[in-house]
Each structure stands twice: as structure tokens, then as C-alpha cells.
Amino acid sequence: MANIIENGIERPATCTEELFAMRDSLDVLGGKWKLMILRYLTNRTDQQIHFKKLQRGIEGISAKMLSKELRELEINLLITRTIQDTKPITVIYAVTEYGKSVFPVTETLVNWGLIHRDKIKNSL
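In what follows, the accompanying structure is described. Quick caveat: nothing in here was measured; it's all calculated off a predicted structure.

This brings us to the pattern of salt bridges. In this structure the tally under the stated criterion is 8 salt bridges. Put simply, R11 and E6 hold a salt bridge, and the shortest N to O gap is 3.0 Å. In this structure E6 comes out as partly exposed when scored by relative accessible area, which is 41%. Between E97 and K100 there is a salt bridge whose closest N-O contact spans 3.0 Å. Here the residue E97 and the residue K100 both occupy positions in helix 5 (residues 97-100), the gap between them amounting to 3 residues, near one helical turn. Judged by its relative accessible area of 62%, E97 falls in the exposed class. Overall, the relative accessible area of 30% leaves K100 in the partly exposed class.

Per the counting criterion, the structure on display carries 0 aromatic pairs. Lying across the ring of Y40, R44 places its NZ or CZ 3.7 Å from the centre.

Next up on the list: the nonpolar core. One finds I37, L38, L41 and L54 to be the most contacted residues of the largest nonpolar core, which totals 19 residues. If you list the elements that add at least two residues to this core, you get helix 2 (34-42), helix 4 (63-75) and strand 5 (90-95). Broken down by element, the residue count for this core peaks at 4 residues, all from helix 2. Not counting the four nearest positions on each side in its chain, L38 is found in contact with L29, L73, L78, I79, V95 and V102.

Let's shift gears to unusual backbone geometry. Cis geometry is adopted by the peptide bond preceding P88, which originates at K87 and carries an omega value of -10 degrees. Structurally, P88 can be placed in the loop between strand 4 (79-84) and strand 5. One non-glycine residue, L77, lies in the positive phi region at around 65 degrees. By secondary structure assignment, the location of L77 is in the loop between helix 4 and strand 4. By relative accessible area, L77 is classed as exposed at 56%.

Definitions and limits used
- Residues numbered from 1 in each chain as written.
- Predicted model: local features only at pLDDT ≥ 70, side-chain atom pairs only at ≥ 80, totals over all residues.
- Heavy atoms only, no water.
- Salt bridge = Lys/Arg side-chain N within 4 Å of Asp/Glu carboxyl O.
- Buried < 20%, exposed > 50% of the residue type's maximum accessible area, 1.4 Å probe, protein only.
- Helix = DSSP H or I, 4+ residues; strand = E, 2+ residues; numbered from the N terminus.
- Phe/Tyr/Trp six-rings, centres within 6.5 Å; stacked < 30°, edge-to-face > 60°.
- Lys NZ or Arg CZ within 6 Å of the ring centre and 35° of its normal.
- Core = buried A, V, L, I, M, F, W, Y, C linked by side-chain atoms within 4.5 Å.
- Contact = heavy atoms within 4.5 Å.

Laid out in C-alpha cells, this is it:
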């Protein structure tokens, strides 16, 4: 059970509050691509990641979808978009400190996915 701090006092969240929080999280992080984009950027904080590099690195994502998802991640303060003064113009994407707070979520999903893939493979 999650906890909520209200007026400086911590209390257990109600089931309804937890479900609202989950819905909020899924609104921001849901879909096929957002968590993959965040994970890709988080794993490459030492590199300059431009749009085409992201598109090549995340198999199956179209340019239109990548553009849409990057815009939403930027609006939600999870990534930054920095325009480089180059010819042609280059845009660099990076995960924010706040965006890095999603890493434990992606780590749990990766670990579960590896276990699940192995379980399914071994059940065949």
C-alpha cells in the first residue's frame, strides 16, 4: 500500500487514490513507446542522442510516432530537447533528472519481462 503526505502527516492511500495515481502514471508513461524511449535515453546519458539515432535504436518506431512521443515526454518534463547551432540543425534529446526517477519502473519491467520470456519459452 502506498502512502500520501497531507498537511505534513503521512497516511495510507485509499484504494481509490492508488487507482487514480496509477491512471495518472499510465496517462504519462503508457503506450508502446514512451518507456522504451526513456530507457534508451537513460542507458545512454554519456552520449548525444539525436532523432535519427533514437529512431534507429528503437526498432519499429516510425518517425511520426517518435516525434509525438518525444513531444509528450518533453511536456511532462521527462526529457529535454536541445537545439544545436549546427548546419543542418541538430536536436539532441536527453533524459532529465526527473525522468531518471522512472528508471526503477523500467528496471522492474525489464526484469519481469526477462523472467516471463524464459517462463513462456520453457513451457513450450
